[in-house]
Amino acid sequence: MKNAVILSLLLLITLLFTACMDDDSQAMNDEGSNQDNENPEKTEKTKTEIPETDNWKLSSKFDYTVEPKNSDQHTYKIVGKKDTFGFTGPFPIVSKQPKKYMWFYFGKEDVYDIPVELKAVKKGTDKIINLDSGTFFKSAAVSPDSVNMPSILRFPSAGVWKILVYINEKHVESIVVNVE
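Residues numbered from 1 in each chain as written. Predicted model: local features only at pLDDT ≥ 70, side-chain atom pairs only at ≥ 80, totals over all residues. Heavy atoms only, no water.

## Structural notes on the overall build of the protein
Step number 1: Looking only at helices and strands, the protein features 2 helices and 10 strands.
Step number 2: When the elements of the protein are put in sequence order from the N terminus, they spell out α-α-β-β-β-β-β-β-β-β-β-β.
Step number 3: Looking at the protein as a whole, 33% of its 180 residues are labelled buried.
Step number 4: Across the protein, contacts joining residues at least 24 apart in sequence account for 55% of those joining residues at least 6 apart. (Helix = DSSP H or I, 4+ residues; strand = E, 2+ residues; numbered from the N terminus. Buried < 20%, exposed > 50% of the residue type's maximum accessible area, 1.4 Å probe, protein only. Contact = heavy atoms within 4.5 Å.)

## Structural notes on the pairing of strand S10 (residues 170–179)
Step number 1: The pairing of strand S9 (residues 159–167) with S10 spans 9 bridges and is classified as antiparallel. In the sheet register, Val160 faces S10, and the bridge partner there is Asn178.
Step number 2: Counting the residues in the hairpin turn of S9 and S10 gives 2 residues, including Asn168, whose phi is positive at 55°. (Pairing = 2+ DSSP bridges.)

## Describing the side chain of Ser174
Step number 1: Inspection of the secondary structure assignment puts Ser174 in strand S10.
Step number 2: Residue classification places Ser174 among the buried residues on the basis of a relative accessible area of 4%.
Step number 3: Among the polar contacts listed, one links the side chain of Ser174 to the side chain of His171, at a separation of 2.8 Å. (Polar contact = N/O pair within 3.5 Å; in protein donor to acceptor, adjacent residues only side chain to side chain.)

## Focus: the side chain of Glu173
Step number 1: Within the secondary structure layout, Glu173 lies in strand S10.
Step number 2: By relative accessible area, which is 7% here, Glu173 ends up buried.
Step number 3: Leave out the neighbours within four places in its chain, and Glu173 touches Lys81, Thr84, Phe85, Ile163, Leu164 and Val165.

## Concerning the pattern of salt bridges
Step number 1: Inspection of every chain in the model, using the stated rule, returns 3 salt bridges.
Step number 2: For Glu173, the salt bridge goes to Lys81, with nearest N and O atoms at 2.7 Å. Placement of the pair is Glu173 in strand S10 and Lys81 in the loop between strand S2 (74–80) and strand S3 (85–88), with a sequence separation of 92 residues.
Step number 3: One salt bridge connects Glu117 with Lys119, and the closest N-O pair in it is separated by 3.9 Å. (Salt bridge = Lys/Arg side-chain N within 4 Å of Asp/Glu carboxyl O.)

## What about the sheet that holds S10?
Note: strands within a sheet are paired through backbone hydrogen bonds, in either parallel or antiparallel orientation.
Step number 1: Strand order in the open sheet made by the 4 strands is S6-S5-S9-S10, with antiparallel pairing throughout. Whereas interior strands pair on both sides, the edge strands pair on one side only; in this sheet they are strand S6 (128–135) and S10. For this sheet, the mean angle separating the axes of adjacent strands, direction not counted, is 20°. (Axes fitted to C-alpha atoms, helices over the stretch in contact; angles between N-to-C directions.)

## Focus: the confidence of the model for the protein
Step number 1: This prediction gives the protein a mean pLDDT of 76; 67% of its residues lie at or above 70.
Step number 2: Here residues 4–47 is a poorly scored stretch, pLDDT under 50, and it has 10 contacts once near neighbours within four places are set aside; other chains count. (pLDDT = per-residue confidence, 0-100.)

Here it is as structure tokens:
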């Protein structure tokens, strides 16, 4: 009889412990502390807010001329802002086709060797996608006023897209482009 009571108590303690563990796991899921592997976009959206949700004006294009050492001058067509970030590459941008683009930083802050993330959101949606990531290396300076970083951009569909530039996980710029 004594063994039956002890066995019953152990079974009861095990059941209570298991029930408490399930409640803790559910609480973690409800708070968003646990990752949702079935829907990573949902997790990404909660971690990153969409900046400047009301500004969808296409970013301007401008010419940028560089004269690298030991080379002739070259002019790039840049999409972005003359005093911060912009990129050049094959235009027009075509959806579902990954292409190489070169990012330029024209600002005065030291951005060398700091993680850069490129994300994007399509107009009319709230789903943020990861485009690419990289780093501006000091040896990648193309002129005294700029440094560049290669990237591969692939947009999943046509439309107006806002590219979100993050440095060290902080949003620093938005560039709006049309994707065909």
